[in-house]
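# Descriptive structure summary
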Amino acid sequence: MALSRLERAQVWLLKAVTEVLVIVFRFFSPRRPALSGKKLPPVRNPLLLMSATQLAKNIRRKEVSSVEVVQAYIDRIQEVNPFVNAVVKDRFAAALQEAAQVDKLIEEETGGEEVLEDRLPLLGVPLSVKESYALQGMPFTTGLVSRRGIVATVDAPPVALLKRAGAIPLGVTNTSELCMWYESHNHIYGITNNPYDLGRIPGGSSGGEGSILGAAGSVIGVGSDIGGSIRMPCFFNGIFGHKTTPGVVSCENQYPPSSGRQEEYLSSGPMCRYAEDLLPMLKIMAGPRVDMLSLNTKVDLKKLRFFTIPHDGGSPLTTPVSKELVDIQRKVAERLEADLGVKVQEVHFPELRYSFQIWDTYMVLPDKEGKPPQMFAELMGEPGRPAWPLWELLKWMIGRSDHTLAAIAVGLIEMTRMSKTPSSIIQMKEKLQKEVDELLGADGVFLYPSHPKVAPKHHHPLLRPFDFSYTGIINMLGLPVTQCPLGVGEEGLPLGVQVVAGKLQDHLTLAVALHLEKTFGGWKDPGAN
């Protein structure tokens, strides 16, 4: 189905806006000191090389104290955070006090290890939290200068559930401004770096989480995802992440809140270095809705149907998928066939060429009462009047804007939207939804690129702002997806793939993630030689 003349004009306008922003950035952006030659120190403490599941078991068995584990992670954060700028506010003193209370509780427990495991499965394990989640007593700004000084008075439900399971928050991590860009940079906390190459991005909006997890400064974390904000940081930083089926894990007490129909596409989920932590974390974070998923069902991978989609079919807005990512996805398919005796079928959907247009159209649809979502320019201007992106661009050029160029770009792109919802895009999405749902059923899984390229250099997303469409389209389809690391490529940067299943079939992608970790080795220490 071809785009109309008006829709083709919109594509041209989007490209033109992007090119203007790139020219402005090259002329007016301040130069940053070169970081590419510096490297993170390697992991030396063996406690940092254990999964959260294993740490919790060892703590319950008194083989190691929670204080020792928490102190090991505090030491690592203090060692790597000057390089990556991922943790933007810590609570180390409180965390050590809580760890001491955990150790005392274990000493006094008379019911045995099994009782503790059932009641407090993450007892004594450190946790990092994306700053856009409410964590009581911690900053809650989402990088918006006008929210500087705002402190959370409650815990967001997933955070509260993890704390109730015994996890100990160490601090909050950086995001993109208002969580709407895939580079984590704002004018409160600055820019976050990728632990594998400090001159490259860690992704966004959960980029602080991805960076500190990839740097071994955390073992488990919490992210949110409406266009790839869990999966891109996990891909760029070589870790695991899971975007849940929407509606399972609560998205309350995040900023900005969803509006319009956005709650249908927004998901909260776990981020971690070890695949075995995904399932227990999701069981905890799902809380009262855990029974919506079949997380206790044993998965026989040999009985699943596997598919691979190598690219989006050639969208004029996205970068072609690099050869090394095409090759690694092909190797995954070959290994699944060799290991499991299955057939991985290559499929193509022409509608994927319009992934950005579908994502952009559905993000602004009104809710059931006809109320449209809050405009990004309104969020930028809170608590006052909406921001005027063109004016903010002029202010940015002379160093007077409180907003990043990326946020201003989102505001400008918002201005290019057509006032009337394009029926052709709605039809494309409905057709794609029907075809994908029929393909997957309850036992199908497909592989899809996480991004067209490995982690870009800082600010390069301005050159290719629509490449997030590879993750964003999965949000619009409402599907669960696990991001899996696949080692590092020729530049020493993480490779990876998205593993997607049908709605509410989250357990399938989590099982595939465990297999891929064994096959490809999972997370790699960025400081190792």
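Per an unreviewed UniProt entry, the chain is named Fatty-acid amide hydrolase 2, and its organism is Pundamilia nyererei. Quoted straight from UniProt, the Sequence similarities (unreviewed entry) entry for the chain says "Belongs to the amidase family."

## A look at the overall build of the chain
Along its length, the chain carries 17 helices and 13 strands. By the compact-globule yardstick of 24 Å for 529 residues, the chain fits well, its C-alpha radius of gyration being 22 Å. In the chain, which comprises 529 residues, the share counted as buried stands at 63%. Considering only intrachain contacts with a sequence separation of at least 6, the fraction spanning at least 24 residues in the chain is 78%. Each charge class in the chain was averaged separately, 56 positive and 57 negative side chains, and the resulting centres sit 4 Å apart.

## Looking at the UniProt feature "domain: Amidase" (unreviewed entry) in the chain
Here the UniProt feature "domain: Amidase" (unreviewed entry) sits at residues 68-510. Segment residues 68-510 splits into 35% helix and 14% strand. End C-alpha atoms: 30 Å apart.

## Describing the nonpolar core
In summary, soluble globular proteins display a tendency toward joint burial of nonpolar side chains. Leu162, Ile220, Phe306, Leu336, Phe446 and Leu516 are the most contacted members of the largest nonpolar core, which totals 168 residues. Ignoring sequence-local partners within four residues, the contact set of Ile220 consists of Ala52, Leu122, Val125, Pro126, Leu127, Ser128, Leu213, Met271, Cys272, Asp277 and Met281.

## Some details on the UniProt feature "active site" (unreviewed entry) in the chain
UniProt's feature table lists "active site" (unreviewed entry) at Lys130, Ser205 and Ser229, given in the numbering used throughout. Considering the C-alpha atoms alone, the annotated residues occupy 100 residues of sequence yet fold into one spot, their largest mutual distance being 10.8 Å. Counting through the fold element by element, Ser205 comes out in the loop between strand 5 (190-191) and helix 7 (207-214). Of the polar contacts made by the side chain of Ser205, one reaches the side chain of Lys130; its length is 2.7 Å. With respect to the secondary-structure elements, Ser229 resides in the loop between strand 6 (220-225) and helix 8 (231-236).

## Considerations on the side chain of Lys130
Within the fold, Lys130 resides in strand 2 (residues 126-130). With no salt bridge to any partner, buried Lys130 finds its closest opposite charge in Asp225, at an N-O distance of 8.1 Å.

## Section: the sheet that holds strand 6
Taking strand neighbours across the sheet as the criterion, the 11 strands line up as 1-3-2-6-8-7-12-13-11-9-10 in an open arrangement whose pairing is mixed. Two strands close off the open sheet at either side, each with one partner strand: strand 1 (87-90) and strand 10 (344-346). Taking each pair of neighbouring strands and ignoring which way they run, the sheet shows an average axis angle of 25 degrees. Across 3 bridges, strand 9 (residues 305-308) lies against strand 10 in parallel orientation. Directly across from Phe306, in strand 10, lies its bridge partner Val344. Each of strand 1 and strand 3 (168-173) is contacted by helix 4 (residues 92-108), which is oriented at about 160 degrees to strand 3, the strand it contacts most. Its contacts with the sheet put helix 9 (residues 278-286) on strand 6, strand 7 (240-243), strand 8 (267-272) and strand 12 (481-488), and the angle it makes with strand 8 is roughly 145 degrees.

## Describing helix 4
Taking 1.5 Å per residue, 17 residues should reach 24 Å; helix 4 reaches 24 Å between its end C-alpha atoms and fits that length. Of the positions making up helix 4, those classed as buried are Phe92, Ala95, Ala99, Val102, Asp103 and Ile106. In a view along the axis of helix 4, the buried residues occupy a sector of 95 degrees, so they form one face of it. Set apart from the buried face of helix 4 by more than 90 degrees, the exposed residues are Ala93, Gln97, Gln101, Lys104, Glu107 and Glu108.

## Let's talk about the side chain of Thr509
Structurally, the position occupied by Thr509 is in helix 17 (residues 506-520). Within the structure, the side chain of Thr509 is placed 3.1 Å from the backbone oxygen of Asp506, a separation counted as a polar contact.

## A few points about a nonpolar patch on the surface
Residues Trp388, Leu390, Trp391, Leu394 and Met415 make up a contiguous nonpolar surface patch of roughly 560 Å² in combined accessible area. At 3 residues, helix 13 (residues 389-397) tops the list of elements feeding residues into the nonpolar patch. Position of Leu394 among the secondary structure elements: in helix 13.

## Some words on the packing of aromatic side chains
Any aromatic ring pair is given by two values, namely how distant the centres are and how the planes are angled relative to each other. Within this structure, the stated rule accounts for 10 aromatic pairs. Ring centres of Trp181 and Tyr182 lie 6.0 Å apart, and the angle between their planes is 20 degrees; on these two criteria the pair is classed as stacked. Judged by relative accessible area, Trp181 falls into the buried class, the value being 13%. Taken together through their ring pairs, the aromatic side chains of Phe356, Trp359, Phe466 and Phe468 make up a single cluster. Of note, Arg147 hangs over the ring of Phe140, and the distance from its end group to the ring centre comes to 5.3 Å. Here the guanidinium or amino end of Arg147 rests over the ring plane of Tyr255, the centre of that ring lying 3.6 Å away.

## Quick look at the packing of helix 13 against helix 14 (residues 405-415)
Between helix 13 and helix 14, the least distance of the axes is 9 Å, while the angle of their chain directions is 150 degrees. The angle between helix 13 and helix 14 places the two elements in the roughly antiparallel class. Relative to helix 14, the crossing made by helix 13 is left-handed. When helix 13 is examined against helix 14, the residues Pro389, Leu390, Glu392, Leu393 and Trp396 are found in contact with a partner set consisting of Leu405, Ile408, Gly411, Leu412 and Met415. Tallied by class, the residues present in the contact of helix 13 with helix 14 amount to 8 nonpolar, 1 polar and 1 charged.

## Notes on the domain arrangement of the chain
Under the domain assignment used here, the chain contains domain 1 (38-365 + 421-520) and domain 2 (366-420). Each of domain 1 and domain 2 was reduced to a C-alpha centroid, and the two centroids are 27 Å apart. For the pair domain 1 and domain 2, the summed buried area comes to about 2,000 Å², and 64% of that belongs to carbon and sulfur atoms. A per-residue breakdown of the area domain 1 buries against domain 2 is headed by Glu177, His187 and Val364, which together make up 21% of the total. Viewed at the interface, domain 2 and domain 1 are joined by 1 salt bridge. In this structure, Asp360 engages Arg417 in a salt bridge whose closest nitrogen and oxygen atoms are separated by 2.8 Å. Taken together, the elements giving at least two residues each to the side of domain 1 that touches domain 2 come down to strand 4 (185-186) and helix 11 (355-363).

## Some points on unusual backbone geometry
It is generally the case that most residues other than glycine have a negative phi and that most peptide bonds are trans. In this structure, the amide linkage connecting Gly204 to the following residue, Ser205, adopts the cis form with an omega of 5 degrees. Even without a glycine there, the phi angle at Ala216 is positive, about 65 degrees. Mapping Ala216 onto the fold places it in the loop between helix 7 and strand 6.

Analysis parameters
Residues numbered from 1 in each chain as written. Predicted model: local features only at pLDDT ≥ 70, side-chain atom pairs only at ≥ 80, totals over all residues. Heavy atoms only, no water. UniProt positions renumbered as here; feature names shortened; annotations may be inferred. Helix = DSSP H or I, 4+ residues; strand = E, 2+ residues; numbered from the N terminus. Rg over C-alpha atoms; globule rule 2.2 N^0.38 Å. Buried < 20%, exposed > 50% of the residue type's maximum accessible area, 1.4 Å probe, protein only. Contact = heavy atoms within 4.5 Å. Lys, Arg positive; Asp, Glu negative; His and termini not counted. Charge placed at Lys NZ, Arg CZ, Asp CG, Glu CD. Core = buried A, V, L, I, M, F, W, Y, C linked by side-chain atoms within 4.5 Å. Polar contact = N/O pair within 3.5 Å; in protein donor to acceptor, adjacent residues only side chain to side chain. Salt bridge = Lys/Arg side-chain N within 4 Å of Asp/Glu carboxyl O. Pairing = 2+ DSSP bridges. Axes fitted to C-alpha atoms, helices over the stretch in contact; angles between N-to-C directions. Expected span 1.5 Å × (residues − 1). Arc of directions from axis to C-beta. Patch = residues over 30% accessible without salt bridge, like charges linked within 9 Å, V, L, I, M, F, W, Y side chains within 5 Å. Areas by Shrake-Rupley, 256 points an atom, 1.4 Å probe, with all protein chains shown as cover. Phe/Tyr/Trp six-rings, centres within 6.5 Å; stacked < 30°, edge-to-face > 60°. Lys NZ or Arg CZ within 6 Å of the ring centre and 35° of its normal. Parallel < 35°, antiparallel > 145°, perpendicular 65-115°, else oblique. Left-handed = near helix turned anticlockwise from the far one by under 90°. Nonpolar A, V, L, I, M, F, W, Y, C, P; charged D, E, K, R; others polar. Domains from an automatic or database assignment. Buried area = accessible area lost by both parts, 1.4 Å probe.

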